[in-house]
2 protein chains.
Amino acid sequence: MTRPGGRSARVRDAVHEAVIELLAAGEIDAAIPKIAERAGVNPTSIYRRWGNRDNLLLDAAVTRLRTTSPIPDTGSLRGDLAGWAEGVERSMRDPHGQILLRALVATMAPEREPIEYLRARGDDLQKTIDAAAARGEAVPSVDDVLDFVLAPLYLRVLFRRPVEPGTGARLVERLLRAL
Amino acid sequence: MTRPGGRSARVRDAVHEAVIELLAAGEIDAAIPKIAERAGVNPTSIYRRWGNRDNLLLDAAVTRLRTTSPIPDTGSLRGDLAGWAEGVERSMRDPHGQILLRALVATMAPEREPIEYLRARGDDLQKTIDAAAARGEAVPSVDDVLDFVLAPLYLRVLFRRPVEPGTGARLVERLLRAL
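Residues numbered from 1 in each chain as written. Chains lettered and ligands numbered in written order. Predicted model: local features only at pLDDT ≥ 70, side-chain atom pairs only at ≥ 80, totals over all residues. Heavy atoms only, no water.

Per an unreviewed UniProt entry, chain A is named TetR/AcrR family transcriptional regulator, and its organism is Amycolatopsis melonis.

Set out below in structure tokens:
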């Protein structure tokens, strides 16, 4: 017997994977029936779950970008942020990561509702910062982390400047020096 | 008698304006004949000058974003950068500016040649920085200015976070403190 949660998660993963493969193949305008075919699911399941193509694309991009750069728990804020920034940097050097970031920005049209992406990442960062504060470390705000670390990495990709290895670690050091 | 340079510049301005109006009206996919009609020029002139729609869109966005935030010459690096950052901040609070930034990012697909936008802005900034260094001021690199000031402002717009008044000035202060 298949648990509904297990099946549901498998459908989501298969559909996300299909979206990412199609994006990577340059098929940024792939319609839902095509995505469904590639994922081996019924188009109706996609319409029911995501409503439209933009919501699906956004969910796929957000899920992948978050999971490729989790925040580790190393016991120090410097270690946690450096580990996270290294993951972000790595995913920004990866063509799939770049495509997903572009897709994310492209789907965030001004007339749409604000999206959860940075909020979700912000919540992750807040937990890390709170834990460091509880240990007595000097801590930045989430906005500081986004300004000092995430914005420069993302801007490099969006404006097609190279992301040199070590950029993430350097940006984290700069943030901690500014405290 | 019409000077060729004068007429050429007027055509460029009229076509840029038509592109920006169509983008602002949500017609991001407007084809060249439609742009030509709105600008009151022959489609052939557009094809001859820009080659294709993406080149035209990029040129319109770059030209407008540069001219809405020139770097003033105030006699101090702090004043120059603060004046420039205030212009960038203002254009990022303006719906037209936001649309142009999105159009710029959208046309910079990974498979295209690197674009001149940040290079042109970088050259402007380098001149300002060189003049400050010649006056004996401590100066940042162009990359530092992009990381500390431009990236956080642009990321707010691309991720639909609000750009609070005074953000540009605050980011410039942070950059100068880090020197």
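So, next bit.
1. Details of the overall build of chain A
Counting secondary structure elements, chain A contains nine helices and zero strands. Listing every helix and strand of chain A by position from the N terminus yields α-α-α-α-α-α-α-α-α. Dimensions of chain A, computed from C-alpha atoms along their principal axes, come out at roughly 50 × 40 × 30 Å. Buried residues in chain A amount to 46% of all 179 residues. Excluding contacts between residues fewer than 6 apart, the proportion of contacts in chain A whose partners are at least 24 apart in sequence is 64%. Of the accessible surface of chain A, which amounts to about 8600 Å², a share of 50% is contributed by carbon and sulfur atoms. A distance of 3 Å separates the average location of the 26 positive side-chain charges in chain A from that of its 25 negative side-chain charges. (Helix = DSSP H or I, 4+ residues; strand = E, 2+ residues; numbered from the N terminus. Buried < 20%, exposed > 50% of the residue type's maximum accessible area, 1.4 Å probe, protein only. Contact = heavy atoms within 4.5 Å. Areas by Shrake-Rupley, 256 points an atom, 1.4 Å probe, with all protein chains shown as cover. Lys, Arg positive; Asp, Glu negative; His and termini not counted. Charge placed at Lys NZ, Arg CZ, Asp CG, Glu CD.)

2. Some remarks on helix 6 (residues 95-107) of chain A
Helix length check: helix 6 of chain A, at 13 residues, gives a terminal C-alpha distance of 18 Å against a target of 18 Å (1.5 Å per residue), a fit within 8%. Those residues of helix 6 of chain A lying buried are Gly97, Ile99, Leu100, Leu101, Arg102, Ala103, Leu104, Val105 and Thr107 of chain A. (Expected span 1.5 Å × (residues − 1).)

3. Section: the side chain of Thr167 of chain A
Note on placement: Thr167 of chain A falls in helix 9 (residues 167-177). In this structure the side chain of Thr167 of chain A is engaged in a polar contact, spanning 2.4 Å, whose partner is the backbone oxygen of Glu164 of chain A. (Polar contact = N/O pair within 3.5 Å; in protein donor to acceptor, adjacent residues only side chain to side chain.)

4. Considering the pattern of salt bridges
Inspection of the entire model under this criterion finds 26 salt bridges over all chains. Across the pair Glu27 of chain A and Lys34 of chain A runs a salt bridge, and its minimum N-O distance is 2.6 Å. A residue is classified by how much of its surface remains accessible, and Glu27 of chain A, at 30% relative accessible area, is partly exposed. Notably, a salt bridge pairs Glu137 of chain A with Arg135 of chain A, separated by 2.8 Å at the nearest N-O pair. For Arg135 of chain A, a relative accessible area of 38% corresponds to the partly exposed category. Because the salt bridges share partners, they merge into one network encompassing Asp144 and Asp147 of chain A together with Arg156 and Arg174 of chain B. (Salt bridge = Lys/Arg side-chain N within 4 Å of Asp/Glu carboxyl O.)

5. Things to note about the environment of Leu171 of chain B
Inspection of the secondary structure puts Leu171 of chain B in helix 9 (residues 167-177). Along the backbone, Leu171 of chain B and Ala82 of chain B are 89 residues apart, and their C-alpha atoms lie at a distance of 8.9 Å. Each residue touching Leu171 of chain B, except ones within four places of it in the same chain, is listed here: Asp147 of chain A together with Phe148, Val149, Pro152 and Leu153 of chain B.

6. As for the packing of aromatic side chains
Under the criterion given, the structure shown has three aromatic pairs over all chains. With a centroid separation of 5.8 Å and an interplanar angle of 25°, the aromatic rings of Tyr154 of chain A and Phe159 of chain B are classed as stacked. Of this pair, Tyr154 of chain A sits in helix 8 (residues 142-158) while Phe159 of chain B sits in the loop between helix 8 (142-158) and helix 9, which puts the two residues in different chains. Here the two residues Tyr154 of chain A and Phe159 of chain B agree in accessibility, since each one is buried. (Phe/Tyr/Trp six-rings, centres within 6.5 Å; stacked < 30°, edge-to-face > 60°.)

7. Observations concerning the UniProt feature "DNA-binding region" (unreviewed entry) in chain A
UniProt's entry tags residues 31-50 of chain A with the feature "DNA-binding region" (unreviewed entry), counted in the numbering of this structure. In this annotation, residues 31-50 of chain A is assigned 80% helix and 0% strand; the end-to-end C-alpha distance for the span is 13 Å. (UniProt positions renumbered as here; feature names shortened; annotations may be inferred.)

8. What to know about the packing of helix 2 (residues 32-39) of chain B against helix 3 (residues 43-50) of chain B
The description of two packed helices rests on the angle between their axes and on the distance between the axes. All names here are of chain B. Between helix 2 and helix 3, the shortest axis-to-axis distance is 8 Å and the interhelical angle comes to 115°. In terms of their interaxial angle, helix 2 and helix 3 are classed as roughly perpendicular. Crossing geometry of helix 2 relative to helix 3 is assigned as right-handed. Of the residues in helix 3, those touching helix 2 at Ile32, Pro33, Ile35 and Ala36 are Pro43, Ile46 and Tyr47. Here the residues of the contact of helix 2 with helix 3 are counted per class, giving seven nonpolar, no polar and no charged. (Axes fitted to C-alpha atoms, helices over the stretch in contact; angles between N-to-C directions. Parallel < 35°, antiparallel > 145°, perpendicular 65-115°, else oblique. Left-handed = near helix turned anticlockwise from the far one by under 90°. Nonpolar A, V, L, I, M, F, W, Y, C, P; charged D, E, K, R; others polar.)

9. Looking at the environment of Gly97 of chain A
All names here are of chain A. Counting through the fold element by element, Gly97 comes out in helix 6. Once the C-alpha coordinates of Gly97 and Ala24 are considered, the two residues, 73 residues apart in sequence, prove to be 9.6 Å apart. Setting aside residues up to four positions removed in sequence, Gly97 forms contacts with Leu65, Ser91 and Met92.

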